[in-house]
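Commentary on secondary and tertiary structure
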Amino acid sequence: MRIHALPTLLVNQIAAGEVVERPASVIKELVENSLDAGATQIEIDIEQGGIKQIRVRDNGRGIHKDDLALALSRHATSKVNSLDELERVQSMGFRGEALPSIASVSHLRLTSHEIDSDCAWSITSNGDEVSAIEPIAHPQGSTIDVRDLFFNTPARRKFLRTEKTEFSHIETVVRRMALARFDVAFTLKHNRREVLALPVAEAQVDRERRLSKLLGAQFLESAIYIQHEAVGMRLSGWVARPIFSRSQADMQYFYVNGRHIRDRLVSHGVRQAFQDVLYHGRHPAYLLYLEMDPVMVDVNVHPTKHEVRFRESRLVHDFLFRTLHKSLAEPAAADRAMASEGGQSTAPITDIPSSTTTVVQHTMPLRVAERPVAYRSSMQMQMQSPSPMQAEQADAAGRTTPPLGLALAQLHGIYILSQDADGLILVDMHAGHERVTYERMKVAFEGEGIRSQPLLVPVRMQVSRREAELAEGCDEAFGGLGLELDRTGDESLVVRSIPVHLQGADVERLVRDVLSDLVIYGSSKRVRQEINAILATMACHGSVRANRRLTIDEMNALLREMERTERSEQCNHGRPTWTRLTMAELDKLFLRGR
Ligand code: ADP
Ligand code: MG
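Let me sum up the structure you'll find in this document. (Residues numbered from 1 in each chain as written. Chains lettered and ligands numbered in written order. Predicted model: local features only at pLDDT ≥ 70, side-chain atom pairs only at ≥ 80, totals over all residues. Heavy atoms only, no water.)

**Details of the overall build of the chain**
Each helix and strand in the chain was counted, giving 21 helices and 26 strands. For the chain, the proportion of its 594 residues judged to be buried stands at 50%. Residue pairs in contact within the chain that sit at least 24 positions apart in sequence constitute 70% of those at least 6 positions apart. Surface summary for the chain: the accessible area is close to 28,500 Å², and the carbon and sulfur share equals 51%. (Helix = DSSP H or I, 4+ residues; strand = E, 2+ residues; numbered from the N terminus. Buried < 20%, exposed > 50% of the residue type's maximum accessible area, 1.4 Å probe, protein only. Contact = heavy atoms within 4.5 Å. Areas by Shrake-Rupley, 256 points an atom, 1.4 Å probe, with all protein chains shown as cover.)

**What to know about the sheet that holds strand β25 (residues 492-499)**
Taken in spatial order, the three strands of this open sheet run β23-β25-β24, and their pairing is antiparallel. Only two strands of the sheet have a single partner each, and these edge strands are β23 (452-462) and β24 (484-489). On average, adjacent strands in this sheet sit at an angle of 15 degrees to one another, irrespective of strand direction. Where β24 meets β25, five bridges bridge the pair, whose relative direction is antiparallel. Across the sheet, residue G489 finds its bridge partner in β25, namely S492. Its contacts with the sheet place helix α16 (residues 465-473) against β24 and β25, and it is angled at close to 135 degrees to β24. Helix α18 (residues 507-521) contacts β23, β24 and β25 of the sheet and is inclined by roughly 75 degrees relative to β23. (Pairing = 2+ DSSP bridges. Axes fitted to C-alpha atoms, helices over the stretch in contact; angles between N-to-C directions.)

**Brief notes about the site of ligand 1**
Taken together, 20 residues form the shell around ligand 1, and within it N33, T77, S78, K79 and G96 come nearest. Within the contact set of ligand 1, an oxygen atom lies 2.5 Å away from a side-chain nitrogen or oxygen of S78. One of the side-chain nitrogen or oxygen atoms of S142 is found 3.4 Å away from a nitrogen atom of ligand 1. Protein contact buries 93% of the 540 Å² of open area that ligand 1 shows by itself. Among the secondary structure elements, those contributing two or more residues to the shell around ligand 1 are α2 (23-36) and α5 (98-104). Among the residues forming the shell around ligand 1, the class breakdown is eight nonpolar, eight polar and four charged. (Near = heavy atom within 4 Å. Polar contact = N/O pair within 3.5 Å; in protein donor to acceptor, adjacent residues only side chain to side chain. Nonpolar A, V, L, I, M, F, W, Y, C, P; charged D, E, K, R; others polar.)

**A word on the pattern of salt bridges**
The full count for this structure, using the stated rule, is 28 salt bridges. Taken together, the shared-partner salt bridges in this structure form one network comprising R435, E439, E566 and R567. (Salt bridge = Lys/Arg side-chain N within 4 Å of Asp/Glu carboxyl O.)

**Examining the pairing of strand β12 (residues 252-256)**
For β12, a buried count of four out of five residues is recorded, marking the element as mostly surrounded by other parts of the structure. As judged from the five bridges shared by β12 and strand β14 (residues 286-292), these two strands associate in the parallel manner. Each residue of the ladder has a partner; that of Y255, found in β14, is Y289. Direction of pairing for β12 relative to strand β13 (residues 259-260): antiparallel, over a ladder of two bridges. Looking at the pairing, V256 lines up with R259 of β13. Hairpin connection between β12 and β13: a loop of two residues separates the two successive antiparallel strands, and N257 in this loop has a positive phi of roughly 45 degrees.

**Some words on the sheet that holds strand β20 (residues 406-411)**
Taken together, four strands build an open sheet; the order of strands is β20-β21-β22-β26 and the sheet is antiparallel. This sheet does not close on itself; its edge strands, each paired only once, are β20 and β26 (578-582). Neighbour to neighbour, the strand axes of the sheet diverge by 25 degrees on average, direction disregarded. The pairing of β20 with strand β21 (residues 415-420) spans five bridges and is classified as antiparallel.

**Overview of helix α11 (residues 313-329)**
Helix length check: α11 (17 residues) gives 24 Å between terminal C-alpha atoms against 24 Å at 1.5 Å per residue, within 8%. Among the residues of α11, V316, H317, D318, F319, L320, F321, T323, L324, S327, L328 and A329 are the ones counted as buried. (Expected span 1.5 Å × (residues − 1).)

Structure (structure tokens):
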């Protein structure tokens with residue numbers, strides 16, 4: 001066969017192969033167009049899982065009558081003009097291929113009333129042919145109506161699942177976008193039944209309401225609101241405290257400059273921040289927004305733009321890790337105590353504070369969440385008061401009670417009962433002590449650095465040439481981790497020393513993991529993690545066991561120690577260490593005051 005240019009329809013259908021995987025991808029493209037058009041109200045109507053019909057209606061700027069046909073043709077966009085603009089693009093779209101791709105595999109009608117025009121115009125496409133435009137009644141904004149998706153591409157149609165499955169993909173896509181744009185109202189209907197109705201949510205309370213609608217009240221109740229800005233980046237959003245972890249990585253939303261993305265580097269940075277506080281094999285839940293100069297991130301990597309490329313990936317990774325790690329370290333007891341003092345609402349996500357600030361806010365159960373409360377981070381608090389964790393609250397009589405209250409008694413040798421101004425606090429003595437011991441051991445360990453000890457029998461291992469070169473070039477990095485190794489051939493290494501605490505560990509696996517970390521992330525926390533795991537086991541064995549009688553003084557000493565300890569809200573295995581029953585909750589139990 002000789003070479004020939006492909007007909008336009010086929011070119012568009014090939015592009016559709018990438019951009020339009022299923023009905024949900026059509027919704028994603030159409031809603032992104034509405035957002036780019038400045039819409040504040042987006043209505044999505046779905047029939048039969050989107051297989052029969054998808055309709056997206058918005059109140060955006062609209063399209064000029066003379067541009068309607070252009071909107072349906074390939075590589076036509078109103079969003080970028082030059083390479084320079086492409087590199088700093090802020091709109092969701094810019095490739096000019098969504099509408100022509102969708103139109104090539106469906107019956108599409110595009111209707112638009114442009115902001116400056118006094119009537120609306122409509123154009124239809126039946127896969128191949130585009131109709132002439134005709135006037136039509138329509139309020140300001142645009143409606144895109146897509147019917148019979150894949151009617152002319154039977155192979156694609158075969159991949160469609162049941163109506164229910166396709167609709168659940170659509171819901172996921174809409175949820176993702178609604179979580180990114182609190183300034184836009186969304187409605188979603190399936191077979192004329194309303195599934196979602198989300199009003200504009202500007203205030204923090206309204207945002208949290210939307211959040212609890214989309215992610216569940218439980219997520220919100222256990223979430224910390226964070227906000228931190230440094231090194232030209234800003235991270236904000238909600239992170240569920242480790243005790244609300246998931247068996248799957250299904251509640252992880254991450255946005256870069258408003259765009260939902262999935263990124264290995266990002267999830268690694270986040271996972272690492274949770275590493276020390278999460279039950280093994282559990283996944284953290286979060287909704288995070290990263291903002292930075294658009295020039296620092298390349299969004300033109302993937303046709304559906306689910307992936308991005310950071311110009312300074314290592315910086316991003318470390319910024320995420322540090323910010324989250326610090327936020328999670330906050331002992332919750334101190335926050336609870338400050339919550340009852342009240343405070344100011346935090347700044348909305350969209351306005352960027354000028355200086356470097358961190359705000360950590362624990363989202364309270366709904367009745368309290370009505371009144372947003374700001375917390376100072378441990379960092380800020382440390383600057384302001386010499387003994388921040390002992391933030392004390394005054395009880396009715398004006399005496400002060402520490403955050404975890406004053407011990408009353410021990411229950412069955414397992415729990416400490418303690419009283420504060422709000423009611424009763426129950427503390428799992430072993431779990432609490434375990435965390436205290438563990439954190440203390442980590443601090444002690446950090447002070448002395450990683451000591452290395454030669455192996456009696458050096459371990460020889462085969463690696464790839466690339467890894468061998470890396471190992472050779474990263475002598476210092478390995479030295480800092482207490483590992484000493486030499487390259488002995490093109491593709492072989494010998495490990496001579498390892499950290500004292502890791503005697504008996506699987507050396508080969510450890511070195512391999514460190515090498516692959518160095519390849520991907522430029523640094524490795526493996527050794528630290530392995531050592532932490534060992535310290536955690538030691539802490540567990542070194543902590544008070546159940547059925548040990550404690551005196552009231554000993555109990556109070558443990559409570560005070562917990563208040564001072566980072567991450568003391570959960571033990572080393574991610575289990576909670578304490579909980580609270582307020583007087584209000586007790587009153588409810590006894591039907592008092594009804
Ligand atoms: P892109 O979004 O990459 O520019 P599309 O094929 O998705 O490409 O859309 C082509 C053009 O049609 C857009 O650049 C925009 O000018 C216009 N357009 C599409 N949808 C809308 C809408 N809902 N409101 C206003 N203009 C729209
Ligand atoms: Mg688009």
